[in-house]
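These are the residues of each chain, in order.
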Amino acid sequence: MSAPVHTPAPVDPGSPPAAGRAPGRGWTLAIVSIATFMLMLDLTVVNVALPDLRNALHADFSGLQWVLDAYALTLAAFLLTGGSLADRLGRKRVFIAGFGLFTLASLACGAAPDIVTLNLARGLQGVGAAVLFAVGPALLGHEFRGKDRAMAFGVFGGVAGLAIAFGPLIGGGLTSGVGWRWIFLVNVPIGIVAMVLGALRIRESREPAAQRVDWAGLTVFSVALSMLVLGFLRGEAEGWTSPVILSLFAGSVVLLAVFVLIERGAGAAAMLDLSLFGIRTFNGISAATLLGNAAGMAAIFLEVSYMQNVLGSSPWDTGLRFLPLTLVLFVVAAVTGSLTVALPPRLLVGVSLTLIAVGLVLVRLVDVHSGWTAMLPSLIVTGAGMGMFNPPRAAISIGVAEPARAGMAAGMGETFQQVGIAIGIAGFGALFQHRVGDAFGASVPGASESARQAVAAGAGDQVARAAAPAMRQAVAEAARSAFVHGLGDVLMVCGGVAGLGALIAFLTLSRKDLHESALAGA
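Residues numbered from 1 in each chain as written. Predicted model: local features only at pLDDT ≥ 70, side-chain atom pairs only at ≥ 80, totals over all residues. Heavy atoms only, no water.

With that out of the way, let us pick up the overall build of the chain. The helix and strand tally for the chain stands at 21 helices and zero strands. Going through the 522 residues of the chain one by one, you find that 57% of them count as buried. Considering only residue pairs separated by 6 or more positions, the chain has 84% of its internal contacts joining residues 24 or more positions apart. Summed over all atoms, the accessible surface of the chain reaches about 19500 Å², with 69% contributed by carbon and sulfur. (Helix = DSSP H or I, 4+ residues; strand = E, 2+ residues; numbered from the N terminus. Buried < 20%, exposed > 50% of the residue type's maximum accessible area, 1.4 Å probe, protein only. Contact = heavy atoms within 4.5 Å. Areas by Shrake-Rupley, 256 points an atom, 1.4 Å probe, with all protein chains shown as cover.)

Looking at soluble globular proteins, one finds that nonpolar side chains tend to be buried together. If you look at the biggest cluster of nonpolar residues, it comprises 87 residues, and the most contacted ones within it are V229, Y306, V349 and F440. Judged by nonpolar contacts, the second largest core, of 56 residues, contains L39, L79, C109 and I115. (Core = buried A, V, L, I, M, F, W, Y, C linked by side-chain atoms within 4.5 Å.)

Turning to the packing of helix α4 (residues 79-89) against helix α10 (residues 215-238), a few remarks are in order. Where α4 meets α10, the closest approach of the two axes is 9 Å, and the angle between their N-to-C directions is 160°. With respect to their mutual orientation, α4 and α10 come out roughly antiparallel. In the crossing of α4 with α10, the sense of the turn from one axis to the other is left-handed. For the pair formed by α4 and α10, the contact residues are L80, T81, S84 and L85 on the first element and W215, L218, F221 and S222 on the second. Its residues assigned to classes, the contact of α4 with α10 shows five nonpolar, three polar and no charged. (Axes fitted to C-alpha atoms, helices over the stretch in contact; angles between N-to-C directions. Parallel < 35°, antiparallel > 145°, perpendicular 65-115°, else oblique. Left-handed = near helix turned anticlockwise from the far one by under 90°. Nonpolar A, V, L, I, M, F, W, Y, C, P; charged D, E, K, R; others polar.)

Looking now at the side chain of E204. Tracing the sequence through the fold places E204 in the loop between α9 (187-201) and α10. Judged by its relative accessible area of 16%, E204 is buried. Among the polar contacts made by the side chain of E204, one reaches the main-chain amide nitrogen of R91 at a distance of 2.9 Å. A polar atom in the side chain of E204 sits 3.2 Å from the backbone nitrogen of R93. (Polar contact = N/O pair within 3.5 Å; in protein donor to acceptor, adjacent residues only side chain to side chain.)

Throughout the structure, instances matching the rule amount to five aromatic pairs. Seen from their ring centres, F277 and F282 are 5.2 Å apart, and the 85° between their planes marks the pair as edge-to-face. Judged by centre distance (5.0 Å) and plane angle (80°), the ring pair of F432 and F483 falls under edge-to-face. Note that F432 is positioned in helix α17 (residues 406-443) and F483 in helix α20 (residues 472-508), a separation of 51 residues in sequence. (Phe/Tyr/Trp six-rings, centres within 6.5 Å; stacked < 30°, edge-to-face > 60°.)

In this section: helix α6 (residues 115-143). An α-helical segment advances 3.6 residues per turn. Residues three or four places apart therefore align on the same side. Here α6 is 29 residues long and its end C-alpha atoms lie 41 Å apart, about the 42 Å a rise of 1.5 Å per residue gives. Of all 29 residues in α6, 25 are buried, a share of seventy percent or more. The residue sitting at the N-terminus of α6 and contributing the capping side-chain oxygen is D114; that oxygen lies 3.2 Å from the backbone nitrogen of V116. (Expected span 1.5 Å × (residues − 1).)

Relative to the elements of secondary structure, S510 occurs in the loop between α20 and α21 (516-519). On the basis of relative accessible area, S510 is assigned to the buried category, the value being 10%. As a C-alpha pair, S510 and P344 span 166 residues in sequence and 7.2 Å in three-dimensional space. Ignoring any residue separated from it by four or fewer positions in sequence, one finds S510 in contact with R280, T281, P345 and R346.

Looking now at the pattern of salt bridges. Per the counting criterion, the structure on display carries three salt bridges. With a closest N to O distance of 3.2 Å, R203 and E143 form a salt bridge. Of this pair, R203 sits in the loop between α9 and α10 while E143 sits in helix α6, and the two are 60 residues apart along the sequence. When its relative accessible area of 4% is taken as the criterion, E143 is described as buried. Put simply, R364 and D489 hold a salt bridge, and the shortest N to O gap is 2.7 Å. Separated by 125 residues along the polypeptide, R364 in the loop between α15 (345-361) and α16 (376-399) and D489 in helix α20 bring together distant segments of the chain. (Salt bridge = Lys/Arg side-chain N within 4 Å of Asp/Glu carboxyl O.)

Before going further, it helps to spend a moment on the environment of D42. Turning to its location among the elements, D42 is positioned in helix α1 (residues 25-44). Owing to a relative accessible area of 1%, D42 belongs among the buried residues under this scheme. With 30 residues separating them along the chain, D42 and A72 place their C-alpha atoms 9.7 Å apart. Look past the residues within four positions of D42 in its chain and what remains in contact with it is Y71, F102, R122, Q125, I183, F184 and N187.

Positionally, T281 belongs in helix α12 (residues 280-309). The class of T281 is buried, set by a relative accessible area of 0%. Looking at T281, its side chain comes within polar contact range of the main-chain nitrogen of S510, at 2.9 Å. If we ignore the near neighbours within four places in the chain, the residues touching T281 are I396, V400, T508, L509, S510 and D513.

In C-alpha cells:
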C-alpha cells in the first residue's frame with residue numbers, strides 16, 4: 001500500500017525530523033514502558049489477593065468477580081476511544097490525562113471501604129488504562145523510525161510480557177508483606193513521577209488536519225464493545241443461553257452495525273477509518289492478535305491455577321516457577337525487536353504463534369503424578385512464542401496507518417488484544433469448568449453440581465475432606481485427575497486456536513501494506 005509521507009505542520013509541533021534522532025525519545029520509551037508494566041500488572045496481580053479481599057471487605061463471589069471484570073470491561077471498551085481522542089486533542093495531553101485518571105483510581109482502590117467502592121474504582125482504573133494502552137504505542141511510533149522503531153517495540157513487548165508473568169509473584173509479595181491495598185497504592189507514587197516526567201520530556205503530537213470529535217461514534221462503539229465483553233465475562237455465571245446474555249450479544253451486534261453506518265457518514269471526522277478493513281495485513285494482524293491472546297492468556301490463567309490449586313504452590317512460589325517463561329519471553333522479545341524491520345512480518349508473527357501453539361500442546365507432558373518441572377518444556381516454548389509475538393504485533397498495528405492516525409490504529413490493535421484476552425479467559429475457562437466437572441462426575445457417581453464446580457475451581461482438597469472417611473482418598477485422586485486431564489484437553493484446544501492464528505498470519509501479512517514511515521530507516 002502506498003500513501004503520502006507525513007509532513008510536519010504547525011499544528012503538529014512534535015513531528016520528528018525526517019532524519020536524525022529526536023531529543024528525549026529515550027524518556028518517551030521509558031515512560032511508556034512504565035505505563036505498560038503497570039497496566040498489564042493490574043490484569044494479573046489482583047488474582048492472588050482475592051482471598052484477602054474477600055475477608056477484609058466481606059465480599060461474596062459475585063463481588064470478587066467484578067474486581068476482575070470491571071477493569072477488563074472498561075479497558076477493552078475505551079481503547080479505540082482513547083486512541084481516537086489522542087489523535088485529535090494531542091497524544092501527550094491525552095496520555096498524561098489517562099495516567100492521572102489511572103493513578104487517582106488506584107488511590108481510590110487502595111482506600112476502598114467496601115467491595116462496591118472498589119469495583120467502581122476498578123472501572124475508572126480500566127478507563128485510564130485504556131487511554132495509556134492505546135496512546136503509548138502511538139507515541140513510540142511517532143518518535144521512532146525503522147530499526148529504532150523495531151527496538152522500541154521490542155522493549156514495549158518485553159515489558160508487557162514481564163508484567164503478565166511477574167504478576168503472581170509481585171501480587172503475592174505485596175499481599176503477604178504489606179497487605180492487599182498496596183497492590184493498588186504502589187501505582188500512586190510511580191504514576192505521579194511518570195506524569196511529571198511525561199509533562200517535561202514527552203513531545204506533543206496530533207493529527208495535523210484534526211477534525212471534530214466523533215462523539216456519536218465514540219459513544220456507540222464503547223457501549224457496543226461493553227455489551228460484547230460483558231456477555232463473555234458473565235456468560236458462564238448467568239448461563240450462555242440466558243435472556244440477559246443473549247440480549248447483550250444481540251445488542252452488541254446491532255450497535256456495531258449502527259456504528260458502521262455512523263462512521264460511513266462521518267467522513268474525515270470518523271473515529272475509525274473503515275478503509276483499514278480493506279487492507280489484508282490489517283485484517284490478518286487483527287485476527288492473529290485476537291486468537292493469539294485468547295489462547296495464550298487463557299493458558300497462563302489455567303496454568304497458574306494448576307500450580308496453586310493442584311501442586312499447592314504459594315503465590316510467591318508460583319511466580320518463581322514461571323520465571324523460565326518470563327526470562328525466555330524477555331530475551332526473545334529484545335532480540336525480535338531488532339528483527340522486525342529485517343524479516344517479513346508474516347514470518348515473525350507466523351513463527352511466534354506456531355511456537356505458542358506447540359508450547360501449549362506440550363502441557364500434555366503433565367500427568368497426575370507430575371511435579372512442576374514437567375511444565376518446563378511448555379513454559380519455555382510458550383515464552384519464546386509470546387516474546388516473539390508482541391514486538392511485531394504492536395509495530396504492524398500502527399504501521400498500516402499513516403502517522404496522523406497512529407492513535408486510532410494503535411487503539412484498534414490493542415482493542416483486538418484485550419477483547420481476545422477477555423474472550424479467551426471466559427470462553428476457555430468455561431470449557432475447562434465443564435470438562436473438569438464432567439470428568440469428576442464420571443469418576444465419582446452422585447457428585448453434586450457444587451462439588452463439580454468446586455473441583456474445577458481448584459478446591460478438590462476441600463471436596464475430599466467433606467466426603468466420607470472411606471472415600472476421601474479416592475475423591476482426592478479423582479479431583480486431581482479431572483483437573484490435570486481437563487487442563488491438557490483445554491490447552492490442546494488453545495494450541496489449535498493459536499495454530500489457526502499462525503496460519504492466518506502466514507497467509508495475510510505483507511510488508512507492502514505498511515506505511516512508508518514504518519519502513520523509514522530500514
